[in-house]
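The residues making up each chain are set out below.
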Amino acid sequence: MKRTVYTVERAPRDQVKIDIDQVRGALRTSLLMTAWGDHYYGVDFDKGLESRIFLDGRIEVRGEAEDPCKAKTEEILEVLREALGTISYEDPVTKNVRFEDEIRTDIACVVPDEILTIVRERLSHSCDVKDVSFSFRKTKQVDEVTISFERPAYREGSTEVPLRLIVVAPTKEISGQILEDIRNKLETNTK
Amino acid sequence: MKPTQSDGQLADESSFLHGVQDYLERKQTTKLTEELVESGKELTTAFVSLQRLDPSVADQYAERLLSCQRRTENMLNQLKTSIDVNRWLFSLHDQILALFLAVYSAYECFHKTILERILYAYFRKHNLVSEHFMLPEPFQELARPMSIEEALGTETKTVHSCYEFPVILRFLLTSSEPMTELYRIATKLSTIEESKQRAAAFADNLIHSTVIRNRIAHMSERASYYSAEEPTVRRNLQELAALLPLVLETLVDLFLFFSKLLEEAGLQIGTRKRPGKVGLLECIYGRLGKGDLREVDDVRRLVALAISKLRDRPETPNEQLFVS
């Protein structure tokens, strides 16, 4: 099943220090957000949005469309402003776009035999590839592209297997194009 | 009496429930419960083979975890097939609440019977106890020199007992090199620094899971929590559904990490406690320890004598047990 997930971020302007823990009550009452790890977390099931507020004040919203994510950052900001007074935030920006699709391919097209042989020799001859992930980063820039293959239905011994291909890139265009190219390449090789 | 809804409201609820189902599936909730069952089984099997857990108790624990898995599957099946939204919203709220209570009850069993004992054995093997802080029950026999509050620099605040285990774990994971290294191996991370960071986040999540447990326990004791008012039910369901995968993931990580910790804890095959006076005296004997004080050695000798007498002649009167 195809899926696109946008991650929209909104950061406090420089010099702004926000103590999110101070407003934990308001976050729960108004947004149903709960402290979790280094952030507050909540899910809006009506809009299909996952929200996080990090302890440094950053707001992050994930969802299948860009505009509802941006609108949600505004809603969160309103609650923060109501609880903390006037605070200054940057405009929302799309941090990355994640594309997911199901493909079928020979696993040998993703993992070279040489690597698989090493792992089998060191670990077990019966072991097989589960998930694969690659990360790429532009020199001296924060832009990153991650390509991963998840193998949800693991079947021993099969060569042509269903995989979930996931591409995370800074824009919709880049991630969509990379996903399409990889799928075409792998499916052609398999045929 | 449940409120009636217009068609528009029903459509809203249907989309809401679909959102819940989609989220739980995306977060692989079913797979998480399977992993919970498997990782829990690994721990109980190890404890049974060490003769530290009765096989029948191990079966009970396995059944508790399986019940969490079945409840999750049932809930997801209902979400897939729900037609009468007016009915399912309430039913799902009850189900997810019961599921949380089942998950936490399983955690409680493992925590008290298995996890604390592994941690305790690890402390003893690596002499970590007296270096760091005073421990709660059942670790007090090696108590010294700092309390948790002192160690964390929060002397004025008291750490509630249910937070002691995760707080101790966090402190150790971030301050003890061997423990951080072990976490690195268990989670297949490449650097110690990364391991320290991830271990702290893992322990924080365990603390947050405890906060959620306490909140649910507190809220679910209030009559208003069971209000038939739709917004209340919806709100509770939304909060619980959002947190379920996070809590499950933390417990799976906890069990997997403790399986690794068990390998390093050096737990020996346990001796089953005997019932009655002999069992009691053996327990006292085991706790006396060998010290520099001659008085302790004298007491040990006398207790050993009493055990020997009871083994030979169980009917020996109390007044003759400690007489040479």
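Residues numbered from 1 in each chain as written. Chains lettered and ligands numbered in written order. Predicted model: local features only at pLDDT ≥ 70, side-chain atom pairs only at ≥ 80, totals over all residues. Heavy atoms only, no water.

To continue, consider the overall build of chain A. Counting secondary structure elements, chain A contains four helices and nine strands. Along chain A, helices (α) and strands (β) appear in the sequence β-α-β-β-β-β-α-β-α-β-β-β-α when read from the amino end. In terms of its C-alpha atoms, chain A occupies a principal-axis envelope of roughly 60 × 35 × 35 Å. Partitioning the contacts of chain A with sequence separation of at least 6, the portion at a separation of at least 24 is 59%. For chain A, the exposed surface amounts to about 10,700 Å²; the carbon and sulfur share of it is 49%. Between the centroid of the 30 positive side chains of chain A and the centroid of its 37 negative side chains there is a distance of 1 Å. (Helix = DSSP H or I, 4+ residues; strand = E, 2+ residues; numbered from the N terminus. Contact = heavy atoms within 4.5 Å. Areas by Shrake-Rupley, 256 points an atom, 1.4 Å probe, with all protein chains shown as cover. Lys, Arg positive; Asp, Glu negative; His and termini not counted. Charge placed at Lys NZ, Arg CZ, Asp CG, Glu CD.)

As a further point, take the interface of chain A and chain B. Between chain A and chain B, the contact holds 15 residues from the first and 27 residues from the second. Of the roughly 2,100 Å² buried between chain A and chain B on both sides combined, carbon and sulfur atoms contribute 54%. The largest contributions to the chain A side of the interface with chain B come from A:Leu32, A:Trp36 and A:Phe45, which together make up 39% of the buried area. At the junction of chain A with chain B, the criterion picks out five salt bridges. For the interface between chain A and chain B, the tally reads 12 residue pairs in polar contact (both at pLDDT 80 or more). Those elements giving two or more residues to the side of chain A that touches chain B turn out to be helix 1 (24-31), strand 2 (34-36) and strand 3 (39-44) of chain A. Residues belonging to the side of chain A that touches chain B are distributed by class as follows: six nonpolar, three polar and six charged. (Buried area = accessible area lost by both parts, 1.4 Å probe. Salt bridge = Lys/Arg side-chain N within 4 Å of Asp/Glu carboxyl O. Polar contact = N/O pair within 3.5 Å; in protein donor to acceptor, adjacent residues only side chain to side chain. Nonpolar A, V, L, I, M, F, W, Y, C, P; charged D, E, K, R; others polar.)

Another aspect to go through is unusual backbone geometry. A positive phi angle is found at A:Leu32, which is not glycine, with a value near 55°. Take A:Leu32: its relative accessible area is 9%, and that puts it in the buried class. (Buried < 20%, exposed > 50% of the residue type's maximum accessible area, 1.4 Å probe, protein only.)

Our next topic: the pairing of strand 8 (residues 144-150) of chain A. All names here are of chain A. With six bridges connecting them, strand 7 (residues 132-137) and strand 8 associate as antiparallel partners. In the strand pairing of strand 8, Arg137 is matched with Glu144. Where strand 8 lies against strand 9 (residues 160-169), five bridges are found, and the strand directions are antiparallel. Within strand 9, the position partnered with Phe149 by the bridge is Leu165. (Pairing = 2+ DSSP bridges.)

Next up on the list: the pattern of salt bridges. Residues and elements named next belong to chain A. Tallying each qualifying case throughout the model produces 35 salt bridges over all chains. Note that Arg3 and Glu64 form a salt bridge whose closest N and O atoms lie 2.4 Å from each other. Of the two residues, Arg3 is situated in strand 1 (residues 3-10) and Glu64 in the loop between strand 5 (59-63) and helix 2 (66-84); the sequence distance between them amounts to 61 residues. What makes Arg3 buried here is its relative accessible area of 7%. Exposure remark for Glu64: the relative accessible area of 47% places this residue in the partly exposed category. The closest approach of N and O atoms between Asp44 and Lys72, which form a salt bridge, is 3.2 Å. Placement of the pair is Asp44 in strand 3 and Lys72 in helix 2, with a sequence separation of 28 residues. Look at Asp44 and you get buried, because its relative accessible area is 10%.

It is worth spelling out the nonpolar core at this point. Membership of the largest hydrophobic core comes to 82 residues, with the highest contact counts inside it found for B:Phe100, B:Ile118, B:Leu119, B:Leu169, B:Leu254, B:Phe257 and B:Phe258. Leaving out residues up to four positions away in the same chain, B:Phe100 has contacts with B:Ile212, B:Ile216, B:Leu240, B:Leu243, B:Leu244 and B:Val247. (Core = buried A, V, L, I, M, F, W, Y, C linked by side-chain atoms within 4.5 Å.)

Bringing the packing of aromatic side chains into the picture now. Counted according to the given criterion, the structure contains 12 aromatic pairs over all chains. Ring geometry for B:Phe257 versus B:Phe258: centroids 5.8 Å apart, planes at 90°, classification edge-to-face. The buried category is assigned to B:Phe257, whose relative accessible area is 2%. The cationic tip of A:Arg58 hangs over the ring face of A:Phe54; the distance from NZ or CZ to the ring centre is 4.2 Å. Across the ring face of B:Phe16, the terminal group of B:Arg234 is positioned such that the distance to the ring centre comes to 4.2 Å. (Phe/Tyr/Trp six-rings, centres within 6.5 Å; stacked < 30°, edge-to-face > 60°. Lys NZ or Arg CZ within 6 Å of the ring centre and 35° of its normal.)

To continue, consider the confidence of the model for chain B. Residue and element names in this part refer to chain B. Mean pLDDT over chain B stands at 79; residues scoring 70 or higher make up 79%. Ranking the elements of chain B by mean pLDDT puts helix 5 (residues 129-132) last, at 49, and helix 2 (residues 29-49) first, at 93. Note on residues 137-146: pLDDT is under 50 here. Beyond four places in sequence and across chains, it has 26 contacts. With pTM at 0.77, the complex prediction returns an ipTM value of 0.80. (pLDDT = per-residue confidence, 0-100.)

All names here are of chain A. In spatial order, the strands read 2-3-4-5-1-6-9-8-7; together these nine strands make up an open sheet with antiparallel pairing. Unpaired on one side and paired on the other, strand 2 and strand 7 mark the two borders of the sheet. Mean inter-strand twist for the sheet, computed between neighbouring axes without regard to direction, equals 20°. Along the sheet, helix 2 contacts strand 1, strand 3, strand 4 (49-54), strand 5 and strand 6 (93-106); its crossing angle with strand 5, the most-contacted strand, is approximately 145°. (Axes fitted to C-alpha atoms, helices over the stretch in contact; angles between N-to-C directions.)

Attention now goes to the confidence of the model for chain A. Overall, the predicted model of chain A reaches an average pLDDT of 87, with 91% of residues at or above 70. Within chain A, the lowest mean pLDDT, 84, falls on helix 3 (residues 113-122) of chain A, and the highest, 97, falls on strand 5 of chain A.

Here the focus is the side chain of A:Thr73. Residues and elements named next belong to chain A. Note on placement: Thr73 falls in helix 2. A polar side-chain atom of Thr73 sits 3.5 Å from a polar atom in the side chain of Arg10. If sequence neighbours within four positions are ignored, Thr73 has contacts with Val8, Arg10, Ile59, Val61 and Pro92.

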